[in-house]
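Each chain, letter by letter, is given below.
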Amino acid sequence: MAVKDRDRFSTATRIRLLGEQTAARVYRSQTRRQARRSRLTGRAAFLALVVCSLVVALAYPMRQYVSQQGEIADQERKAAEAARRVEDLRDEKARLQDPAYVRRLAREHLHYVMPGETGFTVNDPDAEHRPRTDQGATDRPWYDNLWDGVDRADRP
């Protein structure tokens, strides 16, 4: 124990302790200085503020621009579709000017026959083998038939 106390008060021990304390102070001051350097400076904060302001100021006009470009493309598509429809209608109008085409349409859709011709209606021979969908309607109450009609009205 006496040797330990003597080393404690020796000059070499004091100088070594003083050097260690000084080194610790220097290390602490360097870390503080480095911590201060890594903080946000005034110029950097101002630059960040300017950049954020520009982003906010330009965000709405850019969004409007993009949405307007989409609307323009949609309107151009609709205009092209309308032009195509107009061309189809012009073709149909030109065809309707032809009397032979009008006669053919009348024969097909309205079942017209020319004077002197005999019109025939042909029944489908396979119709009696196909099951009818409305056969069970007579043995059910009237309100079931009514609701079935309402349900079937929505189907294509």
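Definitions and limits used
- Residues numbered from 1 in each chain as written.
- Predicted model: local features only at pLDDT ≥ 70, side-chain atom pairs only at ≥ 80, totals over all residues.
- Heavy atoms only, no water.
- Helix = DSSP H or I, 4+ residues; strand = E, 2+ residues; numbered from the N terminus.
- Buried < 20%, exposed > 50% of the residue type's maximum accessible area, 1.4 Å probe, protein only.
- Salt bridge = Lys/Arg side-chain N within 4 Å of Asp/Glu carboxyl O.
- Expected span 1.5 Å × (residues − 1).
- Bend = angle between axes of the 7 residues up to and from the residue.
- Phe/Tyr/Trp six-rings, centres within 6.5 Å; stacked < 30°, edge-to-face > 60°.
- pLDDT = per-residue confidence, 0-100.
- Patch = residues over 30% accessible without salt bridge, like charges linked within 9 Å, V, L, I, M, F, W, Y side chains within 5 Å.
- Areas by Shrake-Rupley, 256 points an atom, 1.4 Å probe, with all protein chains shown as cover.

A word on the overall build of the protein
Part 1: Regarding its fold elements, the protein presents 5 helices and 0 strands.
Part 2: When the helices and strands of the protein are placed in sequence order, the string is α-α-α-α-α.
Part 3: Residues classed as buried in the protein amount to 2% of the 156 residues present.

With respect to the pattern of salt bridges
Part 1: For the structure on display, the rule yields 8 salt bridges.
Part 2: Where Arg77 meets Asp74, a salt bridge forms, and the shortest distance between an N and an O atom there is 2.6 Å. Placement of the pair is Arg77 and Asp74 together in helix H3 (residues 42-96), with a separation of 3 residues, close to one helical turn.
Part 3: Taking the relative accessible area as the measure of exposure, Asp74 reaches 28% and is therefore partly exposed.
Part 4: The salt bridge involving Arg107 is made with Glu117; its shortest N-O contact spans 2.7 Å. Here Arg107 is found in helix H4 (residues 99-110), whereas its partner Glu117 is found in the loop between H4 and helix H5 (142-153), with 10 residues between them in sequence.

Some words on H3
Part 1: Taking 1.5 Å of rise per residue, 55 residues should cover 81 Å, and H3 covers 81 Å from first to last C-alpha, within 8% of that figure.
Part 2: Most pronounced at Ala59, the bend in H3 amounts to some 30°, and the proline Pro61 follows within four residues.

Thoughts on unusual backbone geometry
Part 1: Although it is not a glycine, His111 adopts a positive phi angle of roughly 60°.
Part 2: Positionally, His111 belongs in the loop between H4 and H5.

Focus: the packing of aromatic side chains
Part 1: Evaluated as defined, the whole model comprises 1 aromatic pair.
Part 2: Taking the centre distance of 5.8 Å and the plane angle of 80° together, the rings of Trp142 and Tyr143 count as edge-to-face.

Let's talk about the confidence of the model for the protein
Part 1: Of the residues in the protein, 84% reach a pLDDT of 70 or more, and the chain-wide mean stands at 83.
Part 2: Within the protein, no element has a lower average pLDDT than helix H1 (residues 2-8), which sits at 55, and none a higher one than H3, at 94.

So, a nonpolar patch on the surface
Part 1: A cluster of nonpolar residues, Phe46, Leu49, Val50, Leu54, Leu58, Met62, Tyr65 and Val66, forms a patch on the protein surface that exposes about 830 Å² of accessible area.
Part 2: Among the structural elements, Leu54 can be located in helix H3.

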